[in-house]
Amino acid sequence: MSQLDLQQKLAILADAAKYDASCASSGTSKRDSRGGKGVGSTEGMGICHAYAPDGRCISLLKILLTNSCIFDCHYCINRKSSNVRRARFTAEEVVRLTLAFYRRNYIEGLFLSSGIIRSPNYTMEQIVEVARSLREDHDFRGYIHLKTIPDADPELVRLAGVHADRVSINVELPTASGLARLAPEKDGARIESAMKDMRVSIDDGADARKRYRTAPSFAPAGQSTQMIVGADSASDADIVGRASTLYDRFRLRRVYYSAFSPIPDASAVLPLRRPPLMREHRLYQSDWLMRFYGFSPAEVASAADPAGMLPLDIDPKLAWALKFRESFPVDVNRAPREALLRVPGLGVKAVDKLLQSRRWRRLRLDDVARLTVSVAKVRPFIEAEGWRPVSLTDKADLGAWLKPKTDQLELFA
Ligand code: SF4
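Scoring rules and cut-offs
- Residue numbers here run from 1 along each chain, matching the order of that chain's written sequence.
- Since the coordinates come from a predicted model, pLDDT governs what is reported: local features require at least 70, and pairs of side-chain atoms require 80 or more to be given and counted, while whole-chain, interface and lining totals use all residues.
- Remark: hydrogens and water are excluded; side-chain values derive from all non-hydrogen atoms of the structure.
- We count a stretch as a helix when DSSP gives it H or I for four or more residues in a row; a strand needs E for two or more, and each element gets its number in order from the N terminus.
- Buried residues are those whose accessible area, probed at 1.4 Å on protein chains only, stays under 20% of the maximum for their type, while exposed residues exceed 50% and partly exposed ones sit between those limits.
- The Shrake-Rupley method, run with a 1.4 Å probe sphere, supplies the accessible areas, and residue values consider only the shown protein chains as cover.
- Seen with its strands pointing away from the viewer, a crossover is right-handed if its path from the first strand over the helix to the second goes clockwise.
- Each pair of strands is called paired provided DSSP finds at least two bridges between the two strands.
- A pair is scored as a salt bridge if a Lys or Arg side-chain nitrogen falls within 4 Å of a carboxyl oxygen belonging to Asp or Glu.
- Joining through side-chain atoms within 4.5 Å is the link that ties buried Ala, Val, Leu, Ile, Met, Phe, Trp, Tyr and Cys residues into a set, and such a set is a nonpolar core.
- Residues count as neighbours in contact if any of their non-hydrogen atoms are within 4.5 Å of one another.

Visitor: Lay out the overall build of the chain with the relevant residues and their values.
Guide: From N to C terminus, the chain includes 15 helices and nine strands. In the chain, buried positions account for 49% of the 413 residues. On the chain, roughly 21,200 Å² of surface is accessible, and the fraction owed to carbon and sulfur atoms is 52%.

Following this line, the structure appears as structure tokens:
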């Protein structure tokens with residue numbers, strides 16, 4: 001590896017970290033202020049945004065410790081056989097960079113991941129050392145998110161939680177067969193065992209905090225994971241089922257879905273094209289349905305087609321409602337919260353406001369319209385004072401009628 005200065009390393013290792021979806025800020029247009037025009041840049045140097053547990057949006061320095069790796073996962077640009085420029089930070093360099101960025105007010109925290117160098121244990125030691133030094137040597141109180149390496153010694157993985165706010169352990173692919181085919185050096189059982197140990201440590205830490213206010217916190221923002229979508233043949237129904245199992249078994253805060261993106265010199269076992277980005281979006285919506293709207297994984301899967309794929313042109317909640325029209329219309333003045341949450345176009349906040357308002361008076365369609373972006377989407381599925389959808393709910397072409405219009409709007413029409 002040729003000698004690189006800190007800035008060159010930063011350019012390589014911040015760029016390499018962009019494939020991690022766990023705190024995504026990608027997808028915007030490229031702008032910068034080089035040449036003295038304007039302020040700010042959307043490129044380079046790996047500042048990304050994440051949401052803190054209290055809902056604040058915070059900026060994180062998102063980098064890899066190194067993009068060298070002894071593993072050869074087919075879907076990964078940093079794999080051993082990949083022909084990319086390599087770089088490596090020392091733990092001390094990451095600490096210095098984080099503090100320098102923090103003091104300049106560029107960031108409020110650090111997101112650190114890494115390829116595997118020498119051994120899983122050695123790499124995990126380096127990652128933990130960054131967090132330890134920031135916390136203990138420099139009293140750093142900003143947010144730290146560490147990616148852990150499940151093959152490392154469990155005690156080293158646990159130490160990540162001692163210093164970090166959030167830890168993540170990636171399951172990588174939704175199915176065991178996909179993992180065996182595309183990441184043969186990774187061990188699905190080890191990954192799950194590391195997640196289980198982390199869950200126990202997080203629970204123990206939370207219990208200790210309840211009993212003793214002075215007990216040290218342990219990964220207070222919990223653990224998360226990431227699944228790559230579209231690199232193997234797993235269907236949306238498979239992915240939703242897997243995510244639900246992970247939430248239940250390891251009490252994850254989040255499962256992130258990352259649409260597989262083709263990489264240079266890709267292995268022949270990978271698909272040639274990336275899946276539509278809309279697929280990733282539909283999976284996030286399904287995730288939301290399970291976490292906040294009371295849908296079971298089987299119910300989400302029932303909105304999919306016979307191959308287990310969710311429709312791309314309408315959201316999964318609308319797809320479910322169109323398939324199970326016998327559950328509608330729902331009376332907004334009498335129905336329980338669970339039934340209202342099933343109505344397409346009504347979000348959690350809107351439902352809670354409806355429940356509040358109907359304590360004092362009977363609600364009309366106009367009242368509902370004030371709480372939703374599109375009353376046209378809600379109308380076929382509800383009854384309100386003075387409103388019954390009559391045959392609208394059973395209209396044969398209701399799906400086509402409710403489908404979002406995709407025409408480009410005229411800017412100056
Ligand atoms: S272990 Fe991680 S960094 Fe290494 S090739 Fe696999 S996915 Fe990439």
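Now, onward.
Visitor: Account for the pairing of strand S3 (residues 109-113), with residues named and values stated.
Guide: With five of its five residues buried, S3 lies for the most part within the structure. Here S3 shows no split at all, with Gly-109, Phe-111 and Ser-113 on one side and Leu-110 and Leu-112 on the other all buried. In this fold, the crossover linking strand S2 (residues 57-64) to S3 by way of helix H2 (residues 91-103) has right-handed handedness. Sheet topology places S3 next to strand S4 (residues 143-147); four bridges connect them, and they run parallel. Pairing of Gly-109 across the sheet is with Tyr-143, part of S4. As a crossover connection, the stretch from S3 through helix H3 (residues 120-137) into S4 is right-handed.

Visitor: Give me the pairing of strand S6 (residues 223-229): which residues, what numbers.
Guide: In terms of residue burial, S6 counts as a mostly covered element, since seven of its seven residues are buried. Neither face of S6 is exposed, since Gln-223, Thr-225, Met-227 and Val-229 on one face and Ser-224, Gln-226 and Ile-228 on the opposite face are all buried. Pairing geometry for strand S5 (residues 166-168) and S6, over two bridges, is parallel. Paired with Val-167 across the bridge in S6 is Gln-223. The pairing of S6 with strand S7 (residues 254-259) spans six bridges and is parallel. Among the inter-strand pairings, Ser-224 is bridged to a residue of S7, identified as Arg-254. Handedness of the crossover joining S6 and S7 through helix H7 (residues 236-250) is recorded here as right-handed.

Visitor: Describe in detail unusual backbone geometry, supporting the description with residues and values.
Guide: Between Phe-328 and the following residue, Pro-329, the backbone shows a cis peptide bond with an omega angle of 0°. Looking at where Pro-329 falls in the secondary structure, it is placed in the loop between helix H10 (316-323) and strand S8 (330-331). Not every positive phi belongs to a glycine, and Arg-118 is a case in point at roughly 60°.

Visitor: Lay out the environment of Gly-188 in plain terms, naming residues and giving numbers.
Guide: Positionally, Gly-188 belongs in helix H6 (residues 188-211). When its relative accessible area of 29% is taken as the criterion, Gly-188 is described as partly exposed. For the pair Gly-188 and Leu-173, spaced 15 residues apart in sequence, the C-alpha to C-alpha distance is 9.4 Å.

Visitor: An account of the pattern of salt bridges is needed here, citing residue identities and associated values.
Guide: Counted under the stated rule, the structure contains 23 salt bridges. Residue Glu-192 pairs with Arg-242 through a salt bridge whose shortest N-O separation is 2.8 Å. One end of the pair, Glu-192, is in helix H6; the other, Arg-242, is in helix H7, and 50 residues separate them in sequence. For Glu-192, a relative accessible area of 17% corresponds to the buried category.

Visitor: Which residues make up the nonpolar core, and what are the values?
Guide: Ranked by size, the top nonpolar core spans 112 residues in total, and within it Ile-63, Tyr-75, Leu-112, Val-130, Tyr-257 and Phe-381 carry the most contacts. Here Tyr-75 is in contact with Glu-172, Leu-173, Leu-182, Ala-183, Lys-186, Ile-228, Phe-260, Ile-263 and Leu-270, once residues within four sequence places are set aside.

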